Each structure stands twice: as C-alpha cells, then as structure tokens.
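# Examination of the molecular architecture
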Amino acid sequence: MSESTLLFFMSGCVLVLLVLLVYQQLALRKGTEAHLMDMCRKLNDILDRDSDEKVMVFTSNKALMELAAQINQLLEDRQKRKADYRRFERTSKKMLSNISHDIKTPLTVILGYLEIIRLDSKEEEERLRKVEHKAKQVLDLLNEFFTLAKLDAEDIEITVSKVNLSEICRENLVGLYDILVQKEFQVEVSVPETEVPVYGNKDALHRILNNLLSNCIRYGSDGKYLGLFLRTDEAYAYLDVVDKGKGIEQAFADKVFDRLYTMEDSRNRDIQGNGLGLTIAKQLAIRLGGELTLVSIPYEKTIFTVKLKRASGFFRETDRETDERKS
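Residues numbered from 1 in each chain as written. Predicted model: local features only at pLDDT ≥ 70, side-chain atom pairs only at ≥ 80, totals over all residues. Heavy atoms only, no water.

With that out of the way, let us pick up the overall build of the protein chain. Helix and strand counts for the protein chain stand at eight helices and seven strands. When each of the 327 residues of the protein chain is scored for burial, the buried share is 33%. A fraction of 70% describes how many contacts in the protein chain between residues 6 or more apart in sequence connect residues 24 or more apart. Surface exposure of the protein chain reaches about 21,500 Å², of which carbon and sulfur atoms provide 56%. (Helix = DSSP H or I, 4+ residues; strand = E, 2+ residues; numbered from the N terminus. Buried < 20%, exposed > 50% of the residue type's maximum accessible area, 1.4 Å probe, protein only. Contact = heavy atoms within 4.5 Å. Areas by Shrake-Rupley, 256 points an atom, 1.4 Å probe, with all protein chains shown as cover.)

Right under this line is the structure:
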C-alpha cells in the first residue's frame, strides 16, 4: 500500500470518527432536551392538579438525576407546608367556633337579666332598652360568626333531601309581611301554587332566603321594591330575589360575598349590617350543591339568584308527615 493511499485511509477514519462524535453529541443533547421537556410537563401537571406525585426521569445522566431529586425535594417540602397549613386552618376555625359559643352563652344570660330589670324599673326603661338593643346586636353578630365558623370547620351536618321550595318562599314572605307594609314596599311575587321539589335542606334554605330578603330590605330600601320569583327548567330551580335600590357597582360585585364586607353606605346606622349574611347564604348554597350569584344595575335592578337541583316527582302525604316530624 502506497503512502498516499494510507494517508487517504487514515484521513477517512478520522473524518468518520469526527462525524460519529458530532452525532453522539447531538443525540445526547436531543435526549437531554427531551428528558427536560418531559420533566417540565410532569411538573406542570403536578402543580395544576395539586397532586402528591413526584417527577420521575429514566436516564443515566447524573445531572438530570440530581435535578429531578432536587425538584422532588421541593415538591415534598411544599406538600408538608400545605398539610401544616390545612391543619392550622382547621384548628383556627374550630377555635373560632368554640370562642363564639363561649361568648354567646353569657350574652344570652345578660339579655335575660336586662329584660327582668326593664320590666321592674319603669324609670330606667328607655336606657335599659338601648342597652338591650346593643346587646342583641352583639349577640346577632356572634350568632353569625358562630354559624360561619361551624360552616368553615365543616362542623354543621346538612342533610340534603327533597324539599318544597315554593312553600319555603311563601313562609318567608309571610314572616316579613309587617316590616314590608311598614316600609311601604311594593312587593311582586311569582311563586307557583304547585309544589317545586328541589334537593336541599329546609333549615338551610330558610336561612338563605331570609338573609337575601333581609339584605334586600336593608340595602335596597331606596327603591321601595321587593321581588321574589321562582322559575324552573328541566334540571334546576331558580329563585330570584330582586330590589330596585342603589345596587352594587360592578367593581364591588365580586366582593359582596366576602365575609365582613359591607357597602360604604352601610355605615349609616339605620341600615347597618354585619357583612356575614351573604357569605353564609353563599356557603349554604354551595353545601346544598347549588349556586348563589349576583347581577346588579345600580338604581335599576339588583338580582340575587339561588340555583338548586330539581327533585323528580311531587310530595306525597307521607313525605309531608316525615318533614313535619323532622321539623
């Protein structure tokens, strides 16, 4: 073999080795990028679903293995902190529930003694009446706190069964008849005479509707109007509580269900609320598998809508007797 042929052969071998080396580097880089993309997709999936999974990577690349180990350590720390926060949240809610109950009991006793003193002392009746009124306001606020704390702590058992929503509407309107007449409200009602069975809880629905009607009377009094409309479709029943007062600006519409949130004009003592009624109503609606939503056009119409799943069929006499025994 001549020297030129040998040189050509050696050059070819070097070229092949260079091509193989470049190909290997490109393949390694492409494989690393693929593993990184898989890890990224898996991490996004874990965060989106808030799951307790780990990032797994099958490779001999030590750098990738170390990266996966560090990511999994961060995920584990995140899970521990999340669990600690949930335990703290449950403990705080339980503590608030207990404190509310402990404060409510002596206030009830104080109100009892005030009533006795007021009856026995005519001269101080007006002052005692004011003290009693303020004590009742505090008690009402504590009752709302107590209810909300128990809902947050899931310490209230709400049994969902078939209830007649049209009857609940009529009962709540009758209970507010005197105050509506006194405040000269125009009342418009569209509630079917026939039964409207829904999946709910009688006590919870009474609480929801009473809170919405009271809110309408308190904050919608400028419009001197209250509307109550019950409508249905094939799957749901919709209960609309309507007023034509000042309404709620769009910027504040999402905040009215926040606890302790009251509109600016609620500082007026004549209409002041505690800012918990709508929060409780929304949470109860959710616990019943329903929704509570708001649509408001200031000075035109404000509508709170409760959406509940319809129950099939109508009530039998045995159903009514069962409900009466439960109540």
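Our focus in this paragraph is the packing of aromatic side chains. As enumerated under the stated definition, the model contains two aromatic pairs in all. Between Tyr236 and Tyr238, the aromatic rings sit 6.4 Å apart at their centres with planes inclined by 55 degrees, giving tilted as the arrangement. Summarising the aromatic geometry, the rings of Phe257 and Phe304 are spaced 6.2 Å apart at their centres and angled 85 degrees between planes, so their arrangement reads as edge-to-face. Placement of Phe257 in the loop between strand E5 (236-243) and helix H7 (277-287) and of Phe304 in strand E7 (residues 301-309) is noted, with a sequence separation of 47 residues between them. Exposure class is identical for Phe257 and Phe304. Each is buried. The ring of Tyr225 carries Lys244 above its face, with NZ or CZ at 4.2 Å from the centroid. (Phe/Tyr/Trp six-rings, centres within 6.5 Å; stacked < 30°, edge-to-face > 60°. Lys NZ or Arg CZ within 6 Å of the ring centre and 35° of its normal.)

With mixed pairing, five strands are arranged side by side in an open sheet as E2-E4-E5-E7-E6. In this open sheet, the two strands that pair with only one neighbour each are strand E2 (186-190) and strand E6 (291-297). With strand direction ignored, the average angle separating the axes of adjacent strands in the sheet is 15 degrees. Direction of pairing for E5 relative to E7: antiparallel, over a ladder of eight bridges. Counted as the bridge partner of Val241 is Phe304 from E7. Contacting strand E4 (225-232), E5, E6 and E7, helix H6 (residues 202-219) runs over the sheet at an angle of about 25 degrees to E5. Relative to the sheet, H7 contacts E6 and E7, its axis offset from that of E6 by approximately 135 degrees. (Pairing = 2+ DSSP bridges. Axes fitted to C-alpha atoms, helices over the stretch in contact; angles between N-to-C directions.)

With that settled, the discussion passes to the side chain of Ser166. The residue Ser166 is located in helix H4 (residues 165-175) in this model. At 2.7 Å, the side chain of Ser166 and the side chain of Asn164 are in polar contact. Excluding its chain neighbours within four sequence positions, the residues that come into contact with Ser166 are Val191, Pro192, Thr194, Glu195, Val196 and Leu230. (Polar contact = N/O pair within 3.5 Å; in protein donor to acceptor, adjacent residues only side chain to side chain.)

Let us look at H4. Those residues of H4 that fall on the buried side of the exposure criterion are Leu165, Ser166, Ile168, Cys169, Asn172 and Leu173. End-on, the buried residues of H4 take up no more than an arc of 160 degrees, which puts them together on one face. Exposed residues on H4 whose side chains face more than 90 degrees from its buried face are Val174 and Gly175. (Arc of directions from axis to C-beta.)

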